[in-house]
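Chain and residue survey
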Amino acid sequence: MSLEKEFSTDGKQLTIFIEEKFDFSKVQDFRIAYNDQTKKFTSVVINLQKTEYMDSSALGMLLNMHRSLSDQVTSFKIVKCRPQVLKILQIARFDKKFEIL
Amino acid sequence: MRILVVDDDALNRFLLVHMLEQQGYVDCYEAENGFEALTLAKRIKPDLVLLDIVMPVMDGYEVAPLLKALAGDVYLPIIFISAIEDEEALARCLEVGGDDFVTKPFDKIILAAKIRAHARTRSLSKKTIEQNQQLSFYRNSVEREHKIVEHIFANALKVQPELRDIIDFVMQPAGSFNGDMFLCHTSPSGGFYFLFGDFTGHGLAAAIGALPVAKAFQTMSNKGLSISEMTETLNATLLELLPDEMFFAAILVEINSSGKQIDVWNGGMPDMILQNEGGHIVKKFSSKHMALGILEPNEFECEIDRFDAQYGDRLIGFSDGVVEVCDLAGKMLTDAGIESWLLADPQSDVHTLLNKIDVYEGGSERKDDITLVIYTCQELKPFSHVQLASQLPFKIELCLDHHLIKAQDPIAELIRLLTSQLGLYGIHSALFTVISELYNNAIDHGVLDLDSKLKATNEGFFQYFATRQEKLDNLASGTVNILVQYLPQDNVLVIQISDSGKGFDPASLKKTCEHDDSFGRGLPMLSELCQSIEHSNGGSTVKVVFKI
């Protein structure tokens, strides 16, 4: 099942909503979600509001997205994470690459 | 119809009883004087008394009030029958408690008509008393039931003592039951949740929905779920339970362990206000959703607002009932009215606000339940968690052959088993990260013999997962064993995973996360989440100790 996503009204910001589990099984869905050529977005928001479970391949997927979009996108944000998930992002020092809100 | 005839003259009694029998009143008793009448009346409980005035021992004037008293609340008609014709004597008949009089010689038709009329009044009186009894019976049983329900509510809506000092709230129901509700509960991750809302209507019918909400909220808080997940569950539950015209406007808030990160879901409630110490309103959490119990699960939106506040900021919430409070002229208080109070007196607590509401109302009748909640952002002390974790040590061993490895993900089920059965809520996320890391390493690098370095490039990254799937689909042999030991004394889980792969050299592993590669992040992360990591068996067995 594809991931839910939405563009801001000016089309500059893409928000991707991750589900309860963010692991390697989402590799394709996640890539499809951010490889959207219909709009020239310059900002990506990953909404982890629903995410309870995350493994290290999810971290890899986020970094891979960062790398493949860095020519086009200037702002990467991870928002609304659960405390437990935030801890994992902190351990992985993700604040260096993403703005974690 | 039982009639008591009281007269000292036997002939008179005979004439009266005879006349009564002619009229169909066959259940008649006779007494010779007042005293005898009283004794008899105690036994036979007459429906009507025909009473002579002048008698020996006890006359009619004396016995009449005594007979009346004996009859209690039910109307006992007393008709005096007398030869005395002076007006004063007849008037006295009525004064002592008689209801009517007939003079001798009596007119049969008139007397019979009077008896019928008084009998009607008596039966009306009996009916009234019966109905009164029924009414008070029902009132008592309703009262008793209300008491039971109140007791249940008091227990279900109890606030944890450690939260009482942190969150300030006040509720005033308009009736004996509250259609508003307020709940708060600690979260296993060190923060806490609160919920307040307003069921359509008020009174018992509105309050009844509070029970399932309270129960679900408590369970979900213990598990440390996100408020978006909570709202989804509550919505689905209420949609199923409540009649169509009833729903639940609510605000759910989660304060994380820092005490100042605020997550809010507001469905159909007035704005919740965040006011800083200087008195400025820095943020309003407006309603962005429909109330709970209206939308089908597929239409439901659980998007939350997140805000990072400062210590000292005050989060102020209130129910509809507050906004809609009216003064004597019928003018509503409105959101703006409350805001002006807060701006004028930024330190006002819930009781100050409640007093202002009372003054504003000026004694006019309140129509809706009222709830006020204030949380002042502060550093949270760790809540003493009454963890109901099992005290029995145990082991779970999973032996997965290549069939089971190919079939879907055993980890989610293992985590569910460990956390829900043992009461180890709150560690589910970290435990998932740890076990899935170990398991995926065993599969990827052990059983499937894949090299992480493939993930170094963008295309390689996806190539890696494609190759993984392909190898997995064609897997003809291989095993992974998972052994989880729970040691309640040390409060740890010891997790050991072995695979049938050829192992690796643990010394070659990267030790930190301080790099940008989209691989090699797993083990450094494990070493932060676990007390210890130990490889053995030439790298094909790994054992970690996970502190609960």
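Residues numbered from 1 in each chain as written. Chains lettered and ligands numbered in written order. Predicted model: local features only at pLDDT ≥ 70, side-chain atom pairs only at ≥ 80, totals over all residues.

1. Topic: the overall build of chain A
Helices and strands together make up the secondary structure of chain A, namely 3 helices and 7 strands. The secondary structure elements of chain A, listed N-terminal to C-terminal, are β-β-β-α-β-β-α-β-α-β. Out of the 101 residues belonging to chain A, those deemed buried represent 43%. When contacts within chain A are restricted to residue pairs at least 6 apart in sequence, long-range pairs at least 24 apart make up 73% of them. (Helix = DSSP H or I, 4+ residues; strand = E, 2+ residues; numbered from the N terminus. Buried ≥ 20, exposed ≤ 12 C-beta atoms within 10 Å, placed from the backbone. Contact = placed C-beta atoms within 7 Å.)

2. What about the interface of chain B and chain A?
Taken together, the contact pairs 33 residues of chain B with 31 residues of chain A. It is helix 15 (residues 428-447) of chain B that contributes the most residues to the side of chain B that touches chain A, 8 residues altogether. Tallied by class, residues from the side of chain B that touches chain A come to 11 nonpolar, 14 polar and 8 charged. (Nonpolar A, V, L, I, M, F, W, Y, C, P; charged D, E, K, R; others polar.)

3. Notes on the packing of helix 15 of chain B against helix 17 (residues 522-529) of chain B
Residue and element names in this part refer to chain B. Axis separation between helix 15 and helix 17 bottoms out at 10 Å; the angle between their running directions is 140°. In terms of orientation, helix 15 and helix 17 fall into the oblique class. For helix 15 against helix 17, the interelement crossing comes out left-handed. Here helix 15 contributes A430, T433, V434, E437 and N441 to the contact with helix 17, which in turn contributes G522, M525, L526 and L529. Split by residue class, the contact of helix 15 with helix 17 holds 5 nonpolar, 3 polar and 1 charged. (Axes fitted to C-alpha atoms, helices over the stretch in contact; angles between N-to-C directions. Parallel < 35°, antiparallel > 145°, perpendicular 65-115°, else oblique. Left-handed = near helix turned anticlockwise from the far one by under 90°.)

4. Structural notes on the sheet that holds strand 15 (residues 370-376) of chain B
Residues and elements named next belong to chain B. Strand order in the open sheet formed by 5 strands is 6-15-14-11-12, and the pairing between neighbours is antiparallel. Each edge of the open sheet is held by one strand with a lone partner, namely strand 6 (167-172) and strand 12 (281-285). Strand-to-strand, the axes of this sheet are offset by a mean angle of 15°, without reference to chain direction. Judged from the 4 bridges that link them, strand 11 (residues 272-275) and strand 12 form a sheet pairing that is antiparallel. Directly across from I273, in strand 12, lies its bridge partner K284. (Pairing = 2+ DSSP bridges.)

5. Some words on the sheet that holds strand 9 (residues 248-255) of chain B
All names here are of chain B. One open sheet accounts for 5 strands, arranged 7-8-9-10-13; its pairing is antiparallel. Of all the strands in the sheet, the pair left with one neighbour each is strand 7 (180-186) and strand 13 (305-308). When the angles between neighbouring strand axes are averaged without regard to direction, this sheet yields 15°. Along the sheet face, helix 8 (residues 210-223) touches strand 7, strand 8 (192-199) and strand 9 and points at about 15° away from the line of strand 7.

6. What to know about unusual backbone geometry
Residues and elements named next belong to chain B. The residue after K104, namely P105, is reached through a cis peptide bond having omega -5°. Assignment of secondary structure puts P105 in the loop between strand 5 (100-103) and helix 5 (108-156). Located in the positive-phi region is V57, a residue other than glycine, with phi close to 65°. Residue placement: V57 occurs in the loop between strand 3 (48-51) and helix 3 (60-71). Phi is positive for T334, close to 65°, though the residue is something other than glycine. If you trace the backbone, T334 turns up in helix 11 (residues 334-344). Judged by local crowding, T334 falls into the partly exposed class, with 14 C-beta atoms found within 10 Å.

7. Section: the pairing of strand 3 of chain B
All names here are of chain B. Alternating residues of strand 3 divide into L48 and L50 and V49 and L51, and every residue in both groups is buried. Both strand 1 (residues 2-6) and strand 3 contribute to a ladder of 4 bridges, which runs parallel. The residue of strand 3 that forms the bridge with V6 is L51. Where strand 3 lies against strand 4 (residues 78-82), 3 bridges are found, and the strand directions are parallel. If you follow V49 over to strand 4, its bridge partner there is I78. Crossover connection from strand 3 via helix 3 to parallel strand 4: handedness right-handed. (Right-handed = clockwise from strand over helix to strand, strands pointing away.)

8. Overview of the pairing of strand 6 (residues 75-79) of chain A
Residue and element names in this part refer to chain A. Direction of pairing for strand 4 (residues 43-47) relative to strand 6: parallel, over a ladder of 5 bridges. Residue pairing for strand 6: S43 is matched across the bridge by S75. Handedness of the crossover is the feature at issue here: the chain leaves strand 6, passes through helix 3 (residues 83-91), returns alongside strand 7 (residues 99-100), and the resulting connection is right-handed.

9. A closer look at the packing of helix 3 of chain A against helix 15 of chain B
Close contact between helix 3 of chain A and helix 15 of chain B brings their axes to 8 Å; oriented N to C, the two are set at 45°. The pairing of helix 3 of chain A with helix 15 of chain B is recorded here as oblique in orientation. Across from Q84, V85, K87 and I88 of chain A in helix 3 of chain A, the residues of helix 15 of chain B making contact are S429, A430 and T433 of chain B.

10. Comments concerning helix 2 (residues 56-69) of chain A
All names here are of chain A. Between its terminal C-alpha atoms helix 2 stretches 20 Å, which fits the 20 Å expected from 14 residues at 1.5 Å a residue. In terms of burial, helix 2 is a largely internal element, 10 of the 14 residues being buried. Along helix 2, the positions that sit buried rather than exposed are S56, S57, A58, L59, G60, M61, L62, L63, N64 and M65. (Expected span 1.5 Å × (residues − 1).)

11. Quick notes on the environment of P83 of chain A
Among the structural elements, P83 of chain A can be located in helix 3. Taking C-alpha positions, P83 of chain A is 9.3 Å from E52 of chain A, a pair spaced 31 residues apart along the chain. The contacts of P83 of chain A, once residues within four sequence positions are left out, are S189, G191, N256 and S257 of chain B.

12. Let's talk about the confidence of the model for chain B
Per-chain confidence: chain B averages 87 in pLDDT, with 96% of residues scoring 70 or above. Here the complex is predicted with pTM 0.67, and the ipTM for its interfaces comes to 0.81. (pLDDT = per-residue confidence, 0-100.)

13. What about the environment of I405 of chain B?
Mapped onto the elements, I405 of chain B comes out in helix 13 (residues 402-406). Between the alpha carbons of I405 of chain B and T479 of chain B there is a distance of 7.8 Å; along the sequence they are 74 residues apart.

14. Details of the confidence of the model for chain A
When pLDDT is averaged along chain A, the result is 88; 99% of the residues meet or exceed 70. Confidence scores differ between elements of chain A, with helix 3 of chain A showing the lowest mean pLDDT of 84 and strand 4 of chain A the highest of 94.

15. Focus on the nonpolar core
Residue and element names in this part refer to chain B. Counting residues in each nonpolar core, the largest one holds 63 residues, and the members touching the most others are L431, V434, I435, L438, Y439, V480 and I495. Considering each element in turn, this core owes the most residues, 10 residues, to helix 15. Of all hydrophobic cores here, the second largest spans 57 residues; its members include M220, L225, I262 and M272. (Core = buried A, V, L, I, M, F, W, Y, C linked by C-beta atoms within 7 Å.)

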